[in-house]
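Residue-level listing of the chains:
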Amino acid sequence: MFTAEKASSADKPPNILVFFCNGKKVVDHHVEPELTLLAYLRTKLRLTGSKLGCGEGGCGACTVMVSKYSPKDKTINHLAVNACLAPICSVQGMAVTTVEGIGSTKTRLHPVQERIAKAHGSQCGFCTPGIVMSMYTLLRNNPQPTMEDIESAFEGNLCRCTGYRPILQGYKTFTKEGCCGGNVTNCCMNTDQNGIREEGVSTQLFDPSEFTPYDPTQEPIFPPELMLMLDEGTLAVQKFEGNNLIWLRPATVSQLLDLKVKYPQAKMVAGNTEVGVEVKFKNQVYPVIIDINHIPEMTSIETTPYGVRVGASVSLSCLDGYLKKVIQDQPEHKTRIYAAIVEMLRWFAGHQIRNVACLGGNIATGSPISDMNPLLMAARCTLELTSKQGSHAVTMDGNFFTGYRKNIIGPNEVILAVNIPFTSENEYFYGFKQAPRREDDIAIVNAGMRVLMKPGTNVVEDCTLAFGGMAPTSVLASKTMASIKERHWADGLVEAMCPLLAEDLPLPPGAPGGMEPYRQSLTLSFFFKFYLGVLEELKLKLPGLSDTSIPASFKSANQQYHKNSARGVQMYQEVPAGQPDSDAVGRPLTHLAALKQVTGEALYVDDITPARDELYLGMVCSKKAHAKLLSVNATAALALEGVHAFVDVNDVPGCNMIGPTAPQDDPVFADGEVVHVGQLIGLVVADSQAIAQKAAKLVQVEYEELPAIITIEEAIEQDSYLPSNLFLKRGNVQEVLESCDHILEGEVRTGAQEHFYLETTSTLVIPGEGGEVEVISSTQALTTTQDLVAKALGIPNNRVVSKVKRLGGGFGGKETRCCVHAAACAVAANKVNRPVRLMLDRDEDMSMTGTRHPFLGRYKVGLAKDGEMRALQIDLYSNCGFSNDLSNAVMERAVFHSDNCYNIPNFQVRGHLCKTNLPSNTAFRGFGGPQGLFVMESILSEIAGRYGMSELKMRERYFYCEGDITHFGQELKHWNLKRCWTECLTKSDYDNRRRDVDQFNSENRWRKRGIAVIPTKYGIAFTFKPLNQAGALVHIYTDGAVLISHSGVEMGQGLHTKMIQVASRALRIPQEKIHILETNTAMVPNTSPTAASSGSDLNGMAIKAACETLLQNLEPFVRDNPKGTWEEWVKAAYMNRVSLSTTGFYSTPNLYFDWQTGNGKPFNYFCHGVAVSEVEIDCLTGDHQVLRTDIVMDVGDSINPAIDIGQIEGAFIQGYGLFVLEDYRVTPTGQLLTKGPGFYKIPGFGDIPSEFNVSLLTRAPNPFAVCSSKAIGEPPLFLAASVFFAIKDAIQSARDDAGVPGTLKLDSPATAERIRMACQDQFTKQFPPPEPGTYTPFFVRP
Ligand SMILES: Cc1cc2nc3c(=O)[nH]c(=O)nc-3n(C[C@H](O)[C@H](O)[C@H](O)COP(=O)(O)OP(=O)(O)OC[C@H]3O[C@@H](n4cnc5c(N)ncnc54)[C@H](O)[C@@H]3O)c2cc1C
Ligand code: FES
Ligand code: FES
């Protein structure tokens, strides 16, 4: 029973936590207030549908709906909330709905669940519950949203698999615009590229007519019991007391002030979006928390004669909604500040954060990159402060912030409200923000700018310029503000103000945050935009202004960002007429686990119900990049209640030096020395995750630091390499180079890329009898896991069972590094002889599991006078981190792919493996291929630029033809590249759009467009030949049901779905009769990692072989009873004692390669594809937008077009992250700076091309793989380089306008910083980059 206190005292017995979850009442008499809502749901209520992806509000995997009832105005508010940041006590008296609460496969699916599943919007499924709940909440508030509403609702959700398009398309069916799924000719799905449509080609991947209609009246109501309780109300302080934390919830200001006196150290929280992160990641401990969300003065918002008074705890979403209304109701000139705030809120975090975070929290935190503070300062807002001593108002001026995260608010004071004034008729107000990613990202630099003109003139009366990201606090540009007064807003103003702004906002080399010249340039760019924007308004108002001129080409400089809703067409070949219905091959079947994924029923490793006596592990990791371990002292940790053991190298019964490849150089635990930050030193075994993590922090480690090598350049300088000898050569490169007319030398870099699979590395180890061990682990490589666990434990492989049902994404990141982790967990389980579990936190995962290898390509090209490439020499350097892992194989693939699609007569390439003090870098989708391909494309682009040639013609000039031989001696057969190229150019209308781009560029100085077409060739096979094998085990049960086991792991790529389709064709039965349980080394041994895009090829063939054997076994019974059914034949075989179970095996034929001669056939076949991308960049800020991408991809005869198109889109968006967005940074001493989604930005919903068209090449059967299909996982990733080269094209146009001489060199990723600084102009020139070596940079790119 809800027992609200009637007395106004915090000394009463603690309250009972009462809330509703999925319609059921939860009553907790002993709640631990330090638990988050997510931890409570997953561990206490065993509702594991909501996932932990980051714990910091950055991925949305934990999204739930929280419904609040307001007794005052009798309204119910539904909010999407990050359960990972919401403290459990914050939901007191509310109703929580999780993904399990809206539908299930056992009852009925909610339309939100059904549509994302059937539209192929769930691949690995780990992000899906969060996306479902964001959409569900939107519909609860707005049953027929627009596409803009939907795209906005997903700002706080990330997906690493799908590329987002299918999710948006599935949900478009809820909108007013609607979508029939291609059922009628003029459907959005049918407005195909230039109306080109082949016979037998479909654009329909799902059929919305199958969807259950959405009926909002069927939604559950707010629990009446709760409503009644809340109506009864309480004006008393509520108190929840746990072992480590007291949670207090005052209902009045005076209670709050009393509590602040009584608990001087108490922390106030509103949204907990700052405090939650401090506690989880910054080791902050707050024993007393005061919840300030229930005090009327702080939660109300109203319009006053002077402006808007915003209660300090009003959520940013409420503020946004209220200001929008004021903007509608009041004259335009009065609401210019509000318009700037509303525009800024659009880029402030995602909905889940804005739904809870408040203005008071933003101001009080005082982050130097706060988005609100520069606006509030520029607007000269006043704060109402109150304390026991009294109340007063302060203005947010240049004196408000006193230091990093410090301000003038006294320790006893509380911000009650913020007063945001109206603007006057002659007052103009703008806000600016530039972040690495547009949506849900923190600013690099932001600004609020206000100017007041003397009436009827363009003379400045007053001006306030506030900046964030330029100092330890938000600051005012005081000298500029003083000097600008009395000046005319006219020609010459910007030139006069720029030096003053530079003086006001200095950034010494090495300043925190880095990117000094860029940040300084941004301040001038913003001011220039401000100038243009205000001038435009002044000109409208004062048409007679004579001392100003804005060239027409400057007009777009201050244009507000606008994106059309994403659209696109997907084309694929339909199955041939006459294909039996039972044959599932070629059909766009939904991922077989999709329905379980959308309902939260799909189980990932950490969702498995804890075993009896299970313990949890906490990690002790190195804080140094290279050091001797002087001592490791776990005494304090062991003294903590609930801690069972500390495990380190001394506990390894077998071999501590293990590793996925020879020479095995990966220690399970550090042994005397650490070689990278994040290296595992030991594990604490405890009763719970919280205790284990707390205890791990108490383990004392003493280091003696040693010199560390971090970057490729440092490794080259210090000759630090791993052994390798990868060299390929054809023709006579040196001789030809000597005889060439011109030599071009240069270098180009690609960056590291974090896998950012949504499910972090997770392991559960269950010791069995007599030394047997079961390892359930989120790995792509079950046999490697089995092998390494056995080695570490010193037992034979037959005592270890390694298994997994599914992964929440892998992308190569779970191929090897997690196997070493699993071995460490097994050692811990062995020591305590109890089951142990470990799911890495996001920051731990990112610190220790390695990334895609950064590459440096150095090249020398011999050219004829006309620019013809006659000889090319490339040296590729990769940053491998501390150990071998897969680095040699990654480089092999880079070396094999550095020709891309081009026939260069004299060509040599050599790989160098740089050994550094970073975590071991590892496999990542593309596996070195994209890096090698990128170097070649950069070279072509540079030559074209230097000789003024068209890049397109340049590429065509060197294309391989059918039958050509590559630089590694393999003949190109079934070479469909030219077909893809021509079709893509036609479908994308390339020629016309090239002209349009040039036209646009001639008319716009500060916004530029670019377009590029990029081909790719990708070889299919593991380059380590033994891995090109797979096994399958197929059972037919007596009822006719078929169970398949194979060596491949399902990680979202739809492998199991495709395998069932293959089996359906092979056995000639419908796919519904076939099932796959899990992947398990006890069922199919010696599995190759599910990698190299080969999962379907290898396992499909093995399954086919097994099925064919079984068909042979059944054949006599079919012959005896030709009209019988499958079940009858199976039964007959059983009755006649004929085996209904068999294995299948496949090994790819004719693969060989000899590195001595540099010749052979390393690949079974090649995949091809072509992409055309068009972008628009903002030359002043470096912002960009992908306007359109068209892809034509050869996938052979697709086994499942929906899955293949999903892989193409997902790989493309991941590649876009690699080449444009994802910027991995470490300090010069090897500490990772980009840990977690807050600082490491993978593409979000808002980043996908506004128009995204994908076509599968038709009539292109592949004779070398199962069902004439082709592999698909990795090949399309490189096509995203088309965006990079389109950006380069756009930058070139800006440089041409600015008269910048020489060819443009651009490293990958093409971040906002790089784009801006490459568009050299009068602003960037004022900030030349500091001389390397003269200062210590804040970060390096390894
Ligand atoms: C994923 C994510 C994205 C984010 N994106 C952005 C972004 O784009 N831009 C940006 O600027 N910020 C961003 N933030 C930071 C954060 O959301 C904001 O600073 C937010 O406004 C904080 O509000 P809150 O209610 O959650 O603060 P809380 O965490 O509840 O409190 C923060 C601090 O303010 C103090 N405080 C709160 N209210 C008062 C008051 N009335 N009087 C005195 N002190 C008070 C608290 O004691 C605490 O010290 C992001 C955070 C996350 C987790
Ligand atoms: S887990 Fe909550 S947002 Fe990532
Ligand atoms: S399906 Fe979205 S992360 Fe895998």
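These numbers come from a predicted model, not from an experiment.

Chemist: Teacher, can you tell me more about the packing of aromatic side chains here?
Modeler: Aromatic ring pairs are defined here through the distance separating the ring centres and the angle between the ring planes. According to the stated counting rule, one finds 41 aromatic pairs in the structure shown. Residues Tyr164 and Phe1245 carry aromatic rings whose centres are separated by 4.2 Å and whose planes lie at 45 degrees to one another, so their mutual orientation is tilted. In this pair, Tyr164 is assigned in the loop between α4 (147–153) and α5 (165–172) and Phe1245 in the loop between α34 (1201–1221) and β50 (1251–1256), connecting sequence segments 1081 residues apart. A network of ring pairs unites the aromatic residues Tyr430, Phe432, Trp489, Phe526, Phe527, Phe530 and Tyr531 as a single cluster. Sitting above the plane of the Tyr604 ring, Arg806 keeps its charged end 5.8 Å from the centroid.

Chemist: What's the story with the site of ligand 1 in this structure? I'm lost.
Modeler: Neighbouring residues of ligand 1: 33 residues in total, closest Met268, Ala270, Gly271, Thr273 and Asp371. In the model, an oxygen atom of ligand 1 is placed 2.8 Å from a nitrogen or oxygen of the Lys267 side chain. One of the backbone N or O atoms of Glu274 is found 2.8 Å from an oxygen atom in ligand 1. Taken by itself ligand 1 offers 980 Å² of open surface, and the protein chains cover 92% of this. At the level of secondary structure, the elements contributing two or more residues to the shell around ligand 1 comprise β9 (267–269), α8 (275–281), α13 (359–365) and β17 (414–421).

Chemist: Looking at this structure, I do not really get the sheet that holds strand β35 (residues 800–804). What am I missing?
Modeler: The strands making up a sheet associate through backbone hydrogen bonding, with each pair oriented either parallel or antiparallel. Taken in spatial order, the 8 strands line up as β25-β29-β23-β36-β33-β34-β35-β44 in an open sheet, and their pairing is mixed. The two strands at the open ends of the sheet, each matched to only one other strand, are β25 (643–647) and β44 (1079–1080). Against the sheet, helix α20 (residues 689–698) makes contact with β23 (615–621), β25, β29 (680–686) and β36 (836–839), and its axis sits at roughly 25 degrees relative to β23, the strand it touches most. Contacts from helix α23 (residues 782–793) reach β34 (773–777), β35 and β44, with the element oriented near 145 degrees to β35.

Chemist: How should I be thinking about empty space enclosed by the protein in this particular structure?
Modeler: A probe as big as a water molecule, rolled over the atoms, marks out the empty space that is left. For the structure on display, the rule yields 17 cavities of 30 Å³ or more. Each pocket or cavity is described by its volume, and for the largest cavity that value is around 170 Å³. Lining the largest cavity are 16 residues; nearest its centre among them are Pro667, His676, Arg817, Val820 and His821. Elements supplying a minimum of two residues to the lining of the largest cavity: β27 (666–667) and α24 (817–832). The residue inventory of the lining of the largest cavity, partitioned by class, reads 9 nonpolar, 5 polar and 2 charged. His120, Gln123, Ala1202, Ile1203 and Gly1206 are, among the 15 residues lining the second largest cavity, the residues nearest its centre.

Chemist: Help me understand the sheet that holds strand β28 (residues 673–674), please; the structure alone is not making it clear to me.
Modeler: Strand order across the open sheet formed by 3 strands is β28-β24-β30, with antiparallel pairing between neighbours. The strands lining the two open edges of the sheet, one partner per strand, are β28 and β30 (700–705). Of the strand pairs in this sheet, strand β24 (residues 627–633) and β30 are connected by 6 bridges, and their pairing is antiparallel. Bridge pairing in β30 links Ser631 to Glu702.

Chemist: Mind showing me how you'd approach the nonpolar core here?
Modeler: Taken as a class, soluble globular proteins show a tendency for nonpolar side chains to be buried jointly. Counting 358 residues, the largest nonpolar core has Tyr171 and Trp489 as the members making the most contacts within it. Discounting residues that sit within four places of it in the chain, Trp489 has contacts with Val451, Met453, Asn458, Val460, Ile484, Phe530, Tyr531, Val534, Leu535, Leu538 and Thr548. Counting 39 residues, the second-largest nonpolar core is a separate cluster that includes Val1034, Phe1117, Ile1199 and Cys1267.

Chemist: Whenever I open this one, the UniProt feature "active site" (unreviewed entry) in the protein confuses me. Can you help?
Modeler: Mapped onto this numbering, the UniProt entry annotates "active site" (unreviewed entry) at Glu1274. For Glu1274, the position within the fold is in the loop between β50 and α35 (1281–1298). When sequence neighbours within four positions are dropped, the list of residues in contact with Glu1274 reads Arg925, Gly926, Phe927, Tyr1018, Ala1092 and Ser1093. A polar atom in the side chain of Glu1274 sits 2.7 Å from the side chain of Ser1093.

Conventions adopted
Numbers given to residues run from 1 along each chain, matching the order in which its sequence is written. A letter from A marks each chain and a number from 1 marks each ligand, given out in the order of writing. Thresholds applied to this predicted model are a pLDDT of at least 70 for local features of residues and 80 or more for the giving and counting of side-chain atom pairs; totals over whole chains, interfaces and linings are not thresholded and use all residues. For the side-chain quantities, the full set of heavy atoms in the structure was used; hydrogens and water were omitted. Here a pair means two rings of Phe, Tyr or Trp (six-membered ring of Trp) with centres within 6.5 Å. Their orientation is stacked below 30 degrees between planes, edge-to-face above 60, and tilted elsewhere. Counting from the N terminus, the helices are the DSSP runs of H or I reaching at least four residues and the strands are the DSSP runs of E reaching at least two. As a reminder, the over-ring test applies to NZ of lysine and CZ of arginine, requiring each to be within 6 Å of the ring centre and within 35 degrees of the ring normal. Any residue with a non-hydrogen atom lying within 4 Å of a molecule or strand is treated as near it. Between N or O atoms, a polar contact is any pair within 3.5 Å; within protein, one atom must be a potential hydrogen donor and the other a potential acceptor, and residues adjacent in sequence are included only when both atoms are from side chains. In this description, accessible areas are obtained by the Shrake-Rupley approach with a 1.4 Å probe, and a residue is regarded as covered only by the protein chains that are shown. When DSSP finds two or more bridges between two strands, those strands count as paired. Two residues qualify as a contact provided that any one of their heavy atoms is within 4.5 Å of a heavy atom in the partner residue. What counts as an axis is a line fitted to C-alpha atoms, over the stretch in contact for a helix, and the angles between N-to-C directions run from 0 to 180 degrees. We place a 1 Å grid over just the protein atoms. Points where a 1.4 Å probe fits but has no way out form a cavity, open points with protein on both sides within 12 Å along at least 5 of 7 lines form a pocket, and any residue with an atom within 4 Å of a point lines it. Grid points are joined across faces, edges and corners, and a volume is the space filled by probe spheres set on the points. Amino acid classes used here: Ala, Val, Leu, Ile, Met, Phe, Trp, Tyr, Cys and Pro are nonpolar; Asp, Glu, Lys and Arg are charged; the rest, including Gly, are polar. Among the buried residues, those of types Ala, Val, Leu, Ile, Met, Phe, Trp, Tyr and Cys that are joined through side-chain atoms within 4.5 Å form a nonpolar core. Only protein chains enter the accessibility calculation, which uses a 1.4 Å probe; a residue whose area is less than 20% of its type maximum is buried, one above 50% is exposed, and one in between is partly exposed. UniProt positions are given in the numbering used here, feature names are shortened, and annotations may be inferred rather than shown by experiment.

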